[in-house]
Amino acid sequence: MARIFSMALILIHCFCPSLYASNSNHANDFIGTVVEVSGDRVVVAVPDNLLVRQMAFSLERNKLSNYDGAVAGDSVVITYMGPLLPDSVGDTDVRSWGVAKKEMNGILLSLDESQVVVQPMPDDPLAGQVEELMFLRNNEDLKRDIGVSVGDSVSVTYVRDVIPGNPPQIEAKNWGVYVDLDAWEEELIKNMEES
């Protein structure tokens, strides 16, 4: 009997690494889908786990807030402590959570106090979907002057999917000057070889 139990634990460890990947002193992360947000209780679908399909946690007990306004269907990043087991669902020690962030790089087409329009760069995944995207400057990070003008390359952090419209819109959270690290490294090497 002990041998069967040991084999079962080994199989679970191999096929469900998130179950036993940690002890109570180690943080784990996963990306799941919000199933429900009601009051201060959040239920999230857990991917790739044979034993635990959903986890629930209290925002109040974990001293968390719904900063991004997550709703059912949102993809969220969860950081939790300890093992995730069927009998601990609802009592999970969640340290942080938020709507999963995405990144897009593009060329600044227009800019005013209330909105920004960007054309995705040719190698950006959104380039095949849209010609241009608009986002509102509705938080302090988006309102700040990052020293760019029309034609400059920018990088935009956003959440959720593209919202159809004319032009299509993204829910931006932050933005900055885009730096092509590959081109920068090539230029640095070239300058070092010339000197």
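Okay, so let's go over this structure. (Residues numbered from 1 in each chain as written. Predicted model: local features only at pLDDT ≥ 70, side-chain atom pairs only at ≥ 80, totals over all residues. Heavy atoms only, no water.)

### Quick word on the overall build of the protein
Piece 1. Helix and strand counts for the protein stand at four helices and ten strands.
Piece 2. Each helix (α) and strand (β) of the protein, taken in turn from the N terminus, gives the series α-α-β-β-β-β-β-β-β-β-α-β-β-α.
Piece 3. Burial status across the protein gives 35% buried among its 195 residues.
Piece 4. Sequence separation of 24 or more characterises 54% of the internal contacts of the protein that already satisfy a separation of 6 or more.
Piece 5. In the structure as shown, the protein presents an accessible area of about 12,000 Å², 54% of it carried by carbon and sulfur atoms. (Helix = DSSP H or I, 4+ residues; strand = E, 2+ residues; numbered from the N terminus. Buried < 20%, exposed > 50% of the residue type's maximum accessible area, 1.4 Å probe, protein only. Contact = heavy atoms within 4.5 Å. Areas by Shrake-Rupley, 256 points an atom, 1.4 Å probe, with all protein chains shown as cover.)

### Side note on the nonpolar core
Piece 1. Of all hydrophobic cores here, the largest spans 19 residues; its most connected members are Val44, Met55, Phe57, Val76, Ile78, Val94 and Trp97.
Piece 2. Going through the elements one at a time, strand E1 (27-38), strand E2 (41-45), strand E3 (54-58), strand E4 (75-81) and strand E5 (93-99) are the ones with two or more residues in this core.
Piece 3. With 17 residues, the next largest nonpolar core counts Phe135, Ile146, Val154 and Ile170 among its residues. (Core = buried A, V, L, I, M, F, W, Y, C linked by side-chain atoms within 4.5 Å.)

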